[in-house]
Amino acid sequence: MSHPTDPSPRHPAMSDAVRAIQTARGSRDHYARIEARGPRAELTPALRTVLAECRSLYLATASADGQPYVQHRGGPPGFVQILGETRLGFADYAGNAQYVSAGNLSENARVQLFVMDYMRQRRVKLWGTAEMIAGGEAAAFAAAADAVVERVFVMDVTQWDMNCAQHIPQRFEAEDVAAKLAERDARIAALERQVQVLEQRAWLREGCAGAGDFD
């Protein structure tokens, strides 16, 4: 139920307790205006770009009695796939066979994804419900050729927020750094070859100009 003094639509993160603390600390009006806009579930072009470039995210589930569990999921860009206007999915690769997230989802479909992009210093939070799909349908989600796809995580998004870059440390993927270093080294080698050619030309010009001294 909504807070008795606050008619704003319910945001999945804004419980009565959260709203009460926001009121006490003076930030409730700001978040009430955000909630008044209504749920933002559609995967917009900007969000789709973030998800297409995503390499790392955290999946939060909870058991039927509310015990939370957070698990990391990652892969090459494109491992998160857009399946509809408010639907996305990604491969669940074979791991340590704990199956905690799968077990939680079997009794509590509520989930949250926390998508991190350290290079661009951005983060996205998505709420919704999810399920695990197994079988032949899962193989189509393989983003890495050497990975074994056990199941596919499919999420129906009911709300998402994109946060500011505050306090996010900037980090770069090792392969991106290696590619940039290789590009730099190739450029340096090309410039060194150009210098050698110019030096040879200068030497030839100077040699020809001074050839008469030996006549």
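Residues numbered from 1 in each chain as written. Predicted model: local features only at pLDDT ≥ 70, side-chain atom pairs only at ≥ 80, totals over all residues. Heavy atoms only, no water.

Re the nonpolar core
Burial of nonpolar side chains together is a common tendency in soluble globular proteins. If you look at the biggest cluster of nonpolar residues, it comprises 22 residues, and the most contacted ones within it are Leu88, Leu113, Leu126, Phe153 and Met155. Only α3 (45-53), β1 (56-62), β4 (87-93), β5 (110-117), β6 (122-134) and β7 (149-163) provide two or more residues apiece to this core. The element contributing the most residues to this core is β7, with four residues. In this structure, leucine 88 is in contact with Leu43, Leu51, Val80, Gln81, Ile82, Leu83, Leu113, Leu126, Phe153, Val154, Met155 and Val157, ignoring residues within four places of it in sequence. (Core = buried A, V, L, I, M, F, W, Y, C linked by side-chain atoms within 4.5 Å. Buried < 20%, exposed > 50% of the residue type's maximum accessible area, 1.4 Å probe, protein only. Helix = DSSP H or I, 4+ residues; strand = E, 2+ residues; numbered from the N terminus. Contact = heavy atoms within 4.5 Å.)

Digging into the pattern of salt bridges
Counted under the stated rule, the structure contains 12 salt bridges. Arginine 40 is the partner of aspartate 161 in a salt bridge, and the nearest nitrogen-oxygen pair spans 3.9 Å. Residue aspartate 161 is found in strand β7, and its partner arginine 40 is found in the loop between α2 (28-36) and α3; the two are separated by 121 residues along the sequence. The class for arginine 40 is partly exposed, based on a relative accessible area of 37%. With a shortest N-O distance of 3.0 Å, aspartate 117 and arginine 120 are connected by a salt bridge. Given a relative accessible area of 11%, aspartate 117 falls into the buried group. Three or more residues joined by partner-sharing salt bridges are found here, namely Glu53, Asp117, Arg120 and Arg122. (Salt bridge = Lys/Arg side-chain N within 4 Å of Asp/Glu carboxyl O.)

What to know about unusual backbone geometry
Here the phi dihedral of tyrosine 99 falls at roughly 60°; this positive angle occurs in a residue that is not glycine. Within the secondary structure, tyrosine 99 is located in the loop between β4 and α4 (100-107). Classification of tyrosine 99 by relative accessible area gives partly exposed; the value is 41%.

Note that every value here comes from positions in space, so none of it alone points to a role or purpose.
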